[in-house]
Structure formats: C-alpha cells, structure tokens
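Listed below are the residues making up each chain.
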Amino acid sequence: MKTKRCKAKNQAADKSQAAKKEVAEELAILRPDAGGVDCGAEEHYASVPPDRVPAGQAAVRCFSAFTEGLDALVDWFKECRISTVAMESTGVYWIPLYQKLEAAGIEVYLVNARHVRCVPGRKSDVQDPQWLRQLHRFGLLNASFRPEDLVCRIRSLHRDKENRVGSAAAEIQHMQQALQQMNLHLHHVVSDITGQTGLRILDAILAGQRKPEELVKLRDKRCSKSTPKEMQAALVGDYRPEHLWVLKRSLQAYRFYQSQIEECDRQIEPLLQELAQRVEAASAQLQLPNPEPKAGEPGQELAEKQQQHNATEPNTNALRTKKKRKAKANEPKIELAGLLERICGVDLTRVVGLNVASVLLIVSEIGVDMSKWRSAKAFSSWLGLCPANKISGGKVLDSRTRKVVNRVATALRLAAQSAGRTDTCLGIFYRRKKAQLGAPKATTATARKLACLLYHVLKNKEPYQDPDPVLYQHRLQIFAFTKLQRQAAALGYTLLPTAPAPV
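Scope of this entry: the structure provided in the associated data block. (Residues numbered from 1 in each chain as written. Predicted model: local features only at pLDDT ≥ 70, side-chain atom pairs only at ≥ 80, totals over all residues. Heavy atoms only, no water.)

### Points about the sheet that holds strand E2 (residues 43-47)
Moving on, step 1. With respect to topology, five strands assemble into an open sheet ordered E3-E2-E1-E4-E5, the strand pairing being mixed. Both outer strands of the open sheet, strand E3 (60-64) and strand E5 (107-111), are each paired with one neighbouring strand and no more. Each adjacent strand pair in this sheet contributes to an overall mean axis angle of 25°, direction not counted.
Moving on, step 2. Pairing geometry for strand E4 (residues 84-88) and E5, over five bridges, is parallel. By the bridge assignment, alanine 86 is partnered in E5 with tyrosine 109. (Pairing = 2+ DSSP bridges. Helix = DSSP H or I, 4+ residues; strand = E, 2+ residues; numbered from the N terminus. Axes fitted to C-alpha atoms, helices over the stretch in contact; angles between N-to-C directions.)

### Looking at the packing of aromatic side chains
Moving on, step 1. A complete count under the given rule lists ten aromatic pairs for this structure.
Moving on, step 2. Judged by centre distance (5.7 Å) and plane angle (45°), the rings of phenylalanine 63 and tryptophan 76 are tilted. Of this pair, phenylalanine 63 sits in strand E3 while tryptophan 76 sits in helix H2 (residues 67-79); the two residues are 13 residues apart in sequence, bridging distant segments of the chain.
Moving on, step 3. For phenylalanine 63, a relative accessible area of 10% puts it in the buried group.
Moving on, step 4. Judged by relative accessible area, tryptophan 76 falls into the buried class, the value being 4%. (Phe/Tyr/Trp six-rings, centres within 6.5 Å; stacked < 30°, edge-to-face > 60°. Buried < 20%, exposed > 50% of the residue type's maximum accessible area, 1.4 Å probe, protein only.)

### Things to note about the pairing of E4
Moving on, step 1. Among the five residues of E4, five are classified as buried, and the element is accordingly described as predominantly covered.
Moving on, step 2. Across the two faces of E4 the burial is the same, with Thr84, Ala86 and Glu88 and Val85 and Met87 all buried.
Moving on, step 3. For the segment spanning E4, helix H3 (residues 94-103) and E5, crossover handedness is right-handed. (Right-handed = clockwise from strand over helix to strand, strands pointing away.)

### Considerations on helix H17 (residues 425-437)
Owing to its 3.6 residues per turn, the α-helix aligns residues three or four sequence positions apart on the same side.
Moving on, step 1. Between its terminal C-alpha atoms H17 stretches 18 Å, which fits the 18 Å expected from 13 residues at 1.5 Å a residue.
Moving on, step 2. On its buried side, H17 packs onto helix H16 (407-419), helix H18 (439-460) and helix H19 (469-490).
Moving on, step 3. Trailing H17 by a residue or two, glycine 438 shows a phi angle of about 105°, which is positive. (Expected span 1.5 Å × (residues − 1). Contact = heavy atoms within 4.5 Å.)

### Here's the deal with the pattern of salt bridges
Moving on, step 1. Following the criterion strictly, the structure yields 17 salt bridges and no others.
Moving on, step 2. Of the charged contacts, one joins glutamate 365 and arginine 159 as a salt bridge, the two residues approaching to 2.9 Å between their closest N and O atoms. Of this pair, glutamate 365 sits in helix H14 (residues 356-366) while arginine 159 sits in helix H5 (residues 149-181); the two residues are 206 residues apart in sequence, bridging distant segments of the chain.
Moving on, step 3. On the accessibility criterion, glutamate 365 (7% relative accessible area) is buried.
Moving on, step 4. Residue arginine 159 is classed as partly exposed on the basis of its relative accessible area of 28%.
Moving on, step 5. Here glutamate 214 and lysine 217 are joined by a salt bridge, their closest N and O atoms 3.4 Å apart.
Moving on, step 6. Classification of glutamate 214 as partly exposed rests on a relative accessible area of 32%.
Moving on, step 7. Through salt bridges with shared partners, one network takes in Glu148, Glu274 and Arg278. (Salt bridge = Lys/Arg side-chain N within 4 Å of Asp/Glu carboxyl O.)

Structure below.
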C-alpha cells in the first residue's frame, strides 16, 4: 500500500516538475544584461549573470557603502556588460548608488520591497540580489516612480522647507503655552499671534510693557475677532520671568525658522527657472494637438450641450479670473506663479482648491511629465485615491483605499476640502458625496476627481475651465428622475407630474 502511494506521489512530483519546465521555457528573457542589488546601510550585495564573470569567480559580490565601494560596484557592472539593474527601495540607502548608476548610463529599476517580500526561502544578503536579477531578467518587476534629477533637487529643498514650517508651528505652540501659563489670552482674542497685531503686542510685552491699555493701542484696525475692551481684559495676567524667558526664546526661534523658509524659497527659484527653460525647449520641438471628442464618444453629447448652453448663457465661472490676494503665512513670499505656469504649460491655480503653494508641491514631487502613468486611473491609483478592490468568489471582500503616504495625495485632499466650500461643480459633488458617504470618503472621492483633472490638464496642456454649475445641477436632476422612474417601474407604478397649485 505504501509503495503504491509513493509511486503516485512520485508521478505527481514528476508532472509538477514537467509543468515548471514548460513555464520556464515559456518565460521569455527580456533583459539578458540584467543585474540585481540588495542595498544596505554599510554594504551592498550585487549579482550579475554567471556567464559574465570568469570561470571560478562568484557572480555575487559584496561592496562597501562608502563612495569608493560604490565606484567599484559601478565599474564591475560595466566590466560585466550590465545595462539594467533592479534594486529594492529600502530606506534611503539606495539613493547614492542610484545616482551613481544613473550617471554611468545604466538603467535602474527601483523595486518596491513589498512586491518581493512574500517569496519564501530567499531572504539572505546573497540570495536577494540573485532573485531580483532573475525576476528582472524575465521582466517581472515594475519600477517605482522617480522624477528626473532636477525635480529631485527641487523636491529635496521643498521637503526641507516643510520641515522648517513644522518647526515654526511647534514654536507657535510653545508661545501659546507660555501665554496661557501667564494667563494672557492673546491667542484667544486675535486670529493669529504671528500676525501684525500679535507680533507687535508680543514685542511690546518682551520690551517691558505691562499695561493692557497701552498694549491695546498696538491693535490693528482690521482686527475683528474681538473688541478693544475684550482684548484689554485678555492682556491682564501674571508676568512671571521664567515664562517670559520661554516666550522670548520661542519668538526668536519662530523668526529664525521664518527666515530659513524664505531662504529655501530663494534656493528653489533658480532651479524652477532652469526647469522652465527645459520644459519650454522640449515643448518647442513637440507640439501637442488639442484632442476633441469624436462623434459617438461619451463626451461628445455633453460637449455639444455645454456649447449650446454657453451660446445662450455665457459661463461666468469659466470666464472669471482669480483675484490677487495676499500670500498666507507659509506661501512663498517671492513671485513664483509665473514660473510655475511656464513649467506646467497652464495656470494650475485656476483649478478649484489649488494655490501657488500646492502647485509648487505638486511640481516638486512629480514634475510635469505625466507619461510615467498610462492613464488617469493609474495616476489616481498610484496616489492611493482609488478603491483597492479585493474580490474572491465573485464577491467584493474589501474596497478600502490602500495606505499610501504621498504628499501630492495629501495636498489634493486639502484642495478637495477647500473646493467643498465653493459653489462650483466640485463643491456640489463634495457636498453630495458627504451626505451619502460621510466627510472622509467624500474628501477622497473629490481628491480623485482632482487627480484625474490634474493628469489631463498637465498631459494635454489645456487651460482649465470650470464647468457651469447650473448645467451640472440639471444633469443631476435628470439622473435622479431617471432613477426614480426605474424604481417605480420595478414596483409597478408610473410617475406623474404634480398638478400646479391653484392661484
């Protein structure tokens, strides 16, 4: 009995091995010159095809993470005629090596470690690069997105600016805590203690002024959060020397970080000018036609209705221009709107919810080359704004969005919340989804719409025009009426219009 069972198992094993050989034969070698690298903090393990090294030498080598070791690794890849390399994106250890390989003309595939971590039996420093090389050889790995070098330089400076903004915000909290401990409620009677009124009063307090009636005289005439009498009552407190010392140091630190933020903007400006020159030079060689929907396409009927509506009643939302307003606290103090328009090819600040700061963040994170994503759906999925459907047995088990840490997605979510307070089509959509699904899901849904809109605007270089809210509301009414008709017909009823009210 055991012999028969063993024979059956051996036959099954033989069939399994034969099937694996057939699959291996069907897999085409797309990248014969592929290499693999497992990056670490102190050393990197690199792998090349065994036929590219002399007989008796190992196809896997260990190199130091120092610059000398990186240069030796690049030279070894050149000697082995390696043209493309796959490496895992672990921490920030890969960045110096990535830049070295890119400068040497070797194509680098930055692979998400999550895609290969579930492979069993290959979690050692020597086996990891071999497995990456093998997968990359058959074209089974997807490269993570990384913008061009100039955009990476802008991104590094902009992220440093965000760190300074966070540090400045922490110092504001320290000032508010010191004021609260002295029972000075300045942060309750002014909108912002770092505004003109707040800073003048803080400087006067640190200069030795303690009389509330004298401090109220420093109040700006545009201050509307409180009355002069309320402000005078809020400035009566216990001026303890230790809290005054904390207040002074926090105010000095806040002003220091503000100067650092302005210095970051000045460092970013020449890089933006260089990027604008590159984009203009590239667009001069490639002229993109304006795509128009063809007859029979889904967008043709809506486009015709929009044109007819605009012919009878011009769309004031599409023709309006944004008013110039004063820059907020953390927005660039220098004029960057013109540079960003030259880089993007269109004025993205006309999009509902976006301002100069958010456009600068988008450009610094992803650039303006949207050919990295095959469609707007792929772009919104990369941002983590699409449902990650898990389907099994024909049933949707989970449709929550993936947990993605992306600065552009965060900026689009903030823009969606801002758009929700407007009377535009995006605002109507946000409020409708908020009533149906709640605020968090409405924010994600509106951010996804903004992501698709951003993709098409940057790809086609078409100026954004806000659709007419009246026409959008009319479409929603038609959709609701059609839905009610279907529901009534399913129940065996017919909808009839109500009789007009008697005069």
